[in-house]
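Breakdown of the fold
Read off the chains here:
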Amino acid sequence: MHLKSLTLKGFKSFPDRTKLAFGPGVSVVVGPNGSGKSNVTDAVLWAMGEQSPLAIRGQSMQDVIFGGGHGRKASQSAEVELVLDNSDGTLEMEFAEVSIMRRLDRNGDGEYRLNGARCRLADVLEVLSDTGLGKESHSVISQGRVEAIVTSKPKDRRLLIEEAAGLGKHRKRRRRAQLKLARTQDNLDRALDVEREAR
Ligand code: ATP
């Protein structure tokens with residue numbers, strides 16, 4: 001699996017629709033200071049469901065929307081689409097190409113789309129989990145992050161390694177199953193109470 005293309009529109013310093021195509025292997029984005037290189041990685045993180053404005057260097061989520069400048073009016077929405085090559089079937093979807101799109105309007109409305117179909121954030125995270133991509137993944141290592149990982153507490157570092165090894169998805173599934181079991185046990189207890197009273 002690899003990132004095939006990234007399309008930005010109204011995102012940070014990209015008011016116009018801008019498509020970046022990537023091939024397999026290493027791609028390098030070069031440019032002068034402040035030209036928007038880090039905005040490109042912010043866009044990748046954001047499209048994959050990042051919920052913390054701080055993680056993408058903003059104060060509020062609306063900061064991702066182009067705020068005007070260089071004679072251009074501010075955009076009303078930000079939109080980013082990632083296209084992933086899934087010909088090796090890494091993502092659990094029966095498509096050779098998977099598109100993930102996220103949009104946010106200035107009024108706070110937003111949406112996610114998987115291959116064009118509207119979906120929930122949880123669906124995007126589910127597709128990406130176990131791949132090393134997605135929220136809190138290690139696919140984007142920002143400046144200063146390497147030092148933070150090296151100096152993190154052993155417990156936090158273990159979580160990182162488990163997530164990288166793909167255990168995070170199963171941990172979440174186990175938690176969901178435990179909650180479901182607890183709810184079912186509650187229902188059973190209630191049914192037994194009712195039966196006992198009816199005797
Ligand atoms: P460096 O090499 O110094 O790390 P960079 O190429 O990574 O720089 P970025 O940090 O990606 O640059 O881009 C910074 C630029 O993006 C700044 O000029 C900033 O004004 C602009 N920018 C960020 N958010 C917005 C926004 N919402 N609207 C318009 N411009 C924005």
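Each value, and the rule that gives it
- Residues numbered from 1 in each chain as written.
- Predicted model: local features only at pLDDT ≥ 70, side-chain atom pairs only at ≥ 80, totals over all residues.
- Near = placed C-beta within 6 Å.
- Nonpolar A, V, L, I, M, F, W, Y, C, P; charged D, E, K, R; others polar.
- UniProt positions renumbered as here; feature names shortened; annotations may be inferred.
- Helix = DSSP H or I, 4+ residues; strand = E, 2+ residues; numbered from the N terminus.
- Buried ≥ 20, exposed ≤ 12 C-beta atoms within 10 Å, placed from the backbone.
- Pairing = 2+ DSSP bridges.
- Axes fitted to C-alpha atoms, helices over the stretch in contact; angles between N-to-C directions.
- Contact = placed C-beta atoms within 7 Å.

What follows concerns the site of the ligand. What surrounds the ligand is a group of 15 residues, the closest being Asn33, Lys37, Ser38, Asn39 and Gly67. Of the residues assigned to the shell around the ligand, the class counts are two nonpolar, ten polar and three charged.

Further remarks concern the UniProt feature "binding site: ATP" (unreviewed entry) in the chain. Residues annotated in UniProt with the feature "binding site: ATP" (unreviewed entry) correspond here to Pro32, Asn33, Gly34, Ser35, Gly36, Lys37, Ser38 and Asn39. Mapped onto the fold, Gly36 is located in the loop between strand E2 (18–21) and helix H1 (37–47). Classification of Gly36 as partly exposed rests on a count of 17 C-beta atoms within 10 Å. Along the chain, the position of Ser38 falls in helix H1. For Ser38, a count of 17 C-beta atoms within 10 Å gives the class partly exposed.

Ordered in space as E2-E1-E3-E4-E5-E6, the six strands form an open sheet in which the pairing is antiparallel. Since the sheet does not close on itself, it has two edges, and those belong to E2 and strand E6 (117–119), each with one partner. Across the sheet, the axes of successive neighbouring strands diverge by a mean angle of 20°, strand direction being ignored. The pairing of strand E3 (residues 77–85) with strand E4 (residues 97–105) spans nine bridges and is classified as antiparallel. Bridged to Leu84 within E4 is Val98. Along the sheet face, H1 touches strand E1 (2–9), E2, E3 and E4 and points at about 80° away from the line of E3. Those strands touched by helix H2 (residues 121–128) are E4, strand E5 (110–114) and E6, and its axis lies near 40° from that of E5.

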